[in-house]
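Chain and residue survey
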Amino acid sequence: MALNLNKNLKLYYSIREVSEMFGLNESTLRYWETEFPYLKPKTSGPAKVRQYTEKDIEQIRLIHNLVKVRGFKLAAAKKIIDNNRNGADRTADMIERLTNIRVELQALKRELDGLQ
């Protein structure tokens, strides 16, 4: 049996880590938790420290795509997610893949320009 080196070993992320992943304020994430009922990170300790899982991060990625990238209002984003969850997920995945491809292509172009 082969060892999976790509496996993410981190189970929980802090609100600061998640906010940095998406370039958001921590207060924005807290607000989204009140607006989107399925976005409920685990809280621990008396200080109620938020612990986001990979599933929570996927939810945030979807909301971020609809609200920040595509420019929908929160009410419209909720409606899209409620009415067509799979379509919204696929669209968010596709945009993320295309963005990653763009970054890779730009890096390749810089390397090729450096060879000339």
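Okay, so let's go over this structure. Quantities reported herein were computed from a predicted structural model and do not represent experimental measurements.

Quick word on the packing of helix H1 (residues 15–22) against helix H2 (residues 26–35)
Running from N to C, H1 and H2 cross one another at 100°; their axes reach a closest spacing of 9 Å. With respect to each other, H1 and H2 are oriented roughly perpendicular. In contact with Ile 15, Arg 16, Val 18 and Ser 19 of H1, H2 contributes Glu 26, Leu 29 and Arg 30. Counted by class, the contact of H1 with H2 contains three nonpolar, one polar and three charged residues.

Considering the layout of surface pockets
Leftover empty space is mapped by rolling, across the atoms, a probe with the size of a water molecule. Put simply, the largest pocket is a space of about 210 Å³. Taken together, ten residues make up the lining of the largest pocket; nearest its centre are Phe 22, Arg 61, His 64, Val 69 and Glu 96. When contributions to the lining of the largest pocket are tallied by element, the ones reaching two or more residues are H1, helix H3 (54–69) and helix H5 (85–115). Its residues placed into classes, the lining of the largest pocket shows five nonpolar, three polar and two charged.

Observations regarding the pattern of salt bridges
Scanning the model with the defined rule gives six salt bridges in all. Salt-bridge contacts for Glu 58 lead to Arg 61; the nearest nitrogen and oxygen are separated by 2.6 Å. With Glu 58 and Arg 61 both in helix H3, this residue pair falls three residues apart, about one helical turn.

The rules behind each value
Residues numbered from 1 in each chain as written. Predicted model: local features only at pLDDT ≥ 70, side-chain atom pairs only at ≥ 80, totals over all residues. Heavy atoms only, no water. Axes fitted to C-alpha atoms, helices over the stretch in contact; angles between N-to-C directions. Helix = DSSP H or I, 4+ residues; strand = E, 2+ residues; numbered from the N terminus. Parallel < 35°, antiparallel > 145°, perpendicular 65-115°, else oblique. Contact = heavy atoms within 4.5 Å. Nonpolar A, V, L, I, M, F, W, Y, C, P; charged D, E, K, R; others polar. 1 Å grid on protein atoms, 1.4 Å probe; cavity = no way out; pocket = protein on both sides within 12 Å on 5 of 7 lines; lining within 4 Å. Points joined across faces, edges and corners; volume = space filled by probe spheres on them. Salt bridge = Lys/Arg side-chain N within 4 Å of Asp/Glu carboxyl O.

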